[in-house]
Amino acid sequence: MSRYPRYKRHRSLWLPPWEAVWCQVIGEDGTWGLGMTSHGRPVAALIEEHLGPRLIGEEALALEKIWDMMFRLTKPYGSMGLASYAISAIDLALWDLKGKLLGKPVYALLGGPQKERIFCYATGNDVDWYLELGFQAVKLACPYGPADGLWGLEENERLVARTREQVGEQVEVMLDCWMAFDVEYAVRLAERLRPYRLKWLEECLIPEDLEAHWELRRRLPWQTLATGEHWYTPFPFAFACRHRVVDILQPDIAWCGGLTACLKIAHLAEAAGLSVILHGGGNTPYGQHFTYAMPVSPWCEFFIASPPGVPLEEVMPLPGVPVPRDGWLVPSDAPGFGLEIPEEWLVPF
């Protein structure tokens, strides 16, 4: 929407006003699990009025079957987009329930820790603060796009050049373009930024235009490319693996179909020699447990929305969920995803 002056200043001017949605799944013995996703009332309606009633009475541990049922149940209106958010919330709640029923953290259900701790990078533009917190990799939000012409290209380059000078040579720098470019602009910007050694260029293109991703890969064979936070279900990721259009897949575990979908994506990526770095993976227990267990997932993103100077422990809204220390993180070892949310907090949407 940055091409439209009325909405250009900030995405909050045009994003829908829907809040987060939580889903509670209750086993027959009263044990319950929690999943979380986005987009408010429309997603809650899909869970309450369609998916939920069809799943009551199913075997709670048959997660592959239930995921397949949800994927097929949503076919009349499409399994991508809002339906994928609803599927994600239910799937994550079921994994949380499974961990509680078996008395194990979810990462143990996935085979146990693959790494001793998780390397996290910070997302945002308050780079001095991230360095003070101990992060050794930062991802910037790209402020300008095609509508800003040559001036915008120069300003983007100034931001990256300033950041590289600020962090030195021992800190990785990435750039998030949030679906704002076309192929031509992405190529021109990448060529200007090549001297600053970006770790990756992220989500340059409209996610539905898979052919454009193919063309961008052809035009930029030397640049590490990442995308996927707005791809839903494993199928776009299968295309990306098959044609090697990117180097790093970035599903959002609370959007793309939950942990079950992310496991499918991880196995596709591993077979194709690609990496999986979840969108916002460090900000939720769901992403933390996935990353801790998966060999194909070397890093974790931690988005910092709070102002500089506020300790991360004070802004994490979910009790029981750890935050990075000096750029590293270890998930909770409590059963399920380790959320410490009391049942009295749970009220109907």
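Residues numbered from 1 in each chain as written. Predicted model: local features only at pLDDT ≥ 70, side-chain atom pairs only at ≥ 80, totals over all residues. Heavy atoms only, no water.

A. Broad picture of the pattern of salt bridges. Applying the stated criterion to the full structure yields 15 salt bridges. The closest approach of N and O atoms between Glu64 and Lys264, which form a salt bridge, is 2.8 Å. Note that Glu64 is positioned in helix H2 (residues 63–73) and Lys264 in helix H10 (residues 258–272), a separation of 200 residues in sequence. Relative accessible area serves as the criterion here: at 27%, Lys264 is assigned to the partly exposed category. The partner of Glu215 in a salt bridge is Arg218, with the nearest N and O atoms 2.6 Å apart. Taken together, the residues Glu215 and Arg218, both in helix H8 (residues 210–219) and three residues apart, mark about one turn of the helix. (Salt bridge = Lys/Arg side-chain N within 4 Å of Asp/Glu carboxyl O. Helix = DSSP H or I, 4+ residues; strand = E, 2+ residues; numbered from the N terminus. Buried < 20%, exposed > 50% of the residue type's maximum accessible area, 1.4 Å probe, protein only.)

B. Inspection of the packing of aromatic side chains at higher detail. Counting across every chain of the model gives 16 aromatic pairs. Plain terms: the ring middles of Phe71 and Phe235 are 5.7 Å apart, the flat faces sit at 20° to each other, and that makes the pair stacked. With Phe71 in helix H2 and Phe235 in helix H9 (residues 235–243), this residue pair connects regions lying 164 residues apart in the sequence. We classify Phe71 as buried; its relative accessible area is 14%. Pairing Tyr85 with Tyr232 gives two aromatic rings, centres 5.5 Å apart and planes at 50°, and the pair type is tilted. Residue Tyr85 is found in helix H3 (residues 82–102), and its partner Tyr232 is found in the loop between strand E7 (225–227) and H9; the two are separated by 147 residues along the sequence. Here the two residues Tyr85 and Tyr232 agree in accessibility, since each one is buried. Counting every residue linked through ring pairs, the aromatic cluster contains Phe119, Tyr121, Trp200, Trp299 and Trp328. Lying across the ring of Trp222, Arg194 places its NZ or CZ 4.0 Å from the centre. Sitting over the ring of Trp67, Lys264 keeps its end group 5.5 Å from the ring centre. (Phe/Tyr/Trp six-rings, centres within 6.5 Å; stacked < 30°, edge-to-face > 60°. Lys NZ or Arg CZ within 6 Å of the ring centre and 35° of its normal.)

C. Fine view of the nonpolar core. By size, the foremost hydrophobic cluster in this structure holds 110 residues, and its most contacted members are Phe135, Leu175, Leu216, Leu249, Leu259 and Phe290. Considering every element that reaches this core, the biggest residue donor is H3, with 11 residues. Once residues lying within four places of it in the same chain are set aside, the contact partners of Leu175 are Lys139, Leu140, Ala141, Cys142, Val160, Leu189, Leu193, Leu198, Trp200, Leu201 and Glu202. One finds Met174, Trp200, Ala226 and Trp299 within the second-largest nonpolar core, a separate group that totals nine residues. (Core = buried A, V, L, I, M, F, W, Y, C linked by side-chain atoms within 4.5 Å. Contact = heavy atoms within 4.5 Å.)

D. Highlighting unusual backbone geometry. With a phi close to 45°, Trp178 is a non-glycine residue in the positive phi region. Counting through the fold element by element, Trp178 comes out in the loop between strand E5 (172–176) and helix H7 (183–193). Phi is positive for Asp326, close to 55°, though the residue is something other than glycine. Within the fold, Asp326 resides in the loop between helix H12 (312–315) and strand E11 (328–329). Residue classification places Asp326 among the exposed residues on the basis of a relative accessible area of 56%.

E. How the structure looks around the side chain of Asp91. Take Asp91: it is sitting in helix H3. At 8.7 Å, Lys264 is the nearest oppositely charged side chain to Asp91, a buried residue that forms no salt bridge. At 2.8 Å, the side chain of Asp91 and the backbone nitrogen of Leu259 are in polar contact. Look past the residues within four positions of Asp91 in its chain and what remains in contact with it is Trp67, Met70, Gly257, Gly258, Leu259 and Thr260. (Lys, Arg positive; Asp, Glu negative; His and termini not counted. Polar contact = N/O pair within 3.5 Å; in protein donor to acceptor, adjacent residues only side chain to side chain.)

F. Representation of the pairing of strand E10 (residues 299–303). Burial within E10 is extensive, with four of its five residues counted as buried. The pairing of strand E3 (residues 118–123) with E10 spans five bridges and is parallel. Note on E10: the bridge partner recorded for Cys120 is Cys300. (Pairing = 2+ DSSP bridges.)

G. Up close: the environment of Leu225. Within the fold, Leu225 resides in strand E7. Between the C-alpha atoms of Leu225 and Val310, which are 85 residues apart in sequence, the distance is 32 Å. With near-sequence residues (within four places) excluded, Leu225 lies in contact with Leu201, Leu216, Arg217, Val245, Val246, Asp247 and Ile248.

H. Quick look at the confidence of the model for the chain. Mean pLDDT over the chain stands at 97; residues scoring 70 or higher make up 100%. Looking across the chain, the model is least confident in H12, with a mean pLDDT of 89, and most confident in strand E8 (residues 248–249), with 99. (pLDDT = per-residue confidence, 0-100.)

I. The pairing of strand E4 (residues 137–141), seen in detail. Counted residue by residue, E4 has four buried out of five residues, so it is predominantly covered. Strand direction decides the pairing type here: E3 and E4, joined by two bridges, are parallel. Following the sheet pairing, Ala122 is matched in E4 by Val138. This β-α-β element, E3 to helix H5 (residues 127–133) to E4, shows right-handed connectivity. (Right-handed = clockwise from strand over helix to strand, strands pointing away.)

J. Focus on a nonpolar patch on the surface. Taken together, the side chains of Met1, Tyr4, Leu13, Trp14 and Leu15 present a nonpolar region at the surface, about 440 Å² in accessible area. Among the structural elements, Tyr4 can be located in the segment before strand E1 (21–26). (Patch = residues over 30% accessible without salt bridge, like charges linked within 9 Å, V, L, I, M, F, W, Y side chains within 5 Å. Areas by Shrake-Rupley, 256 points an atom, 1.4 Å probe, with all protein chains shown as cover.)

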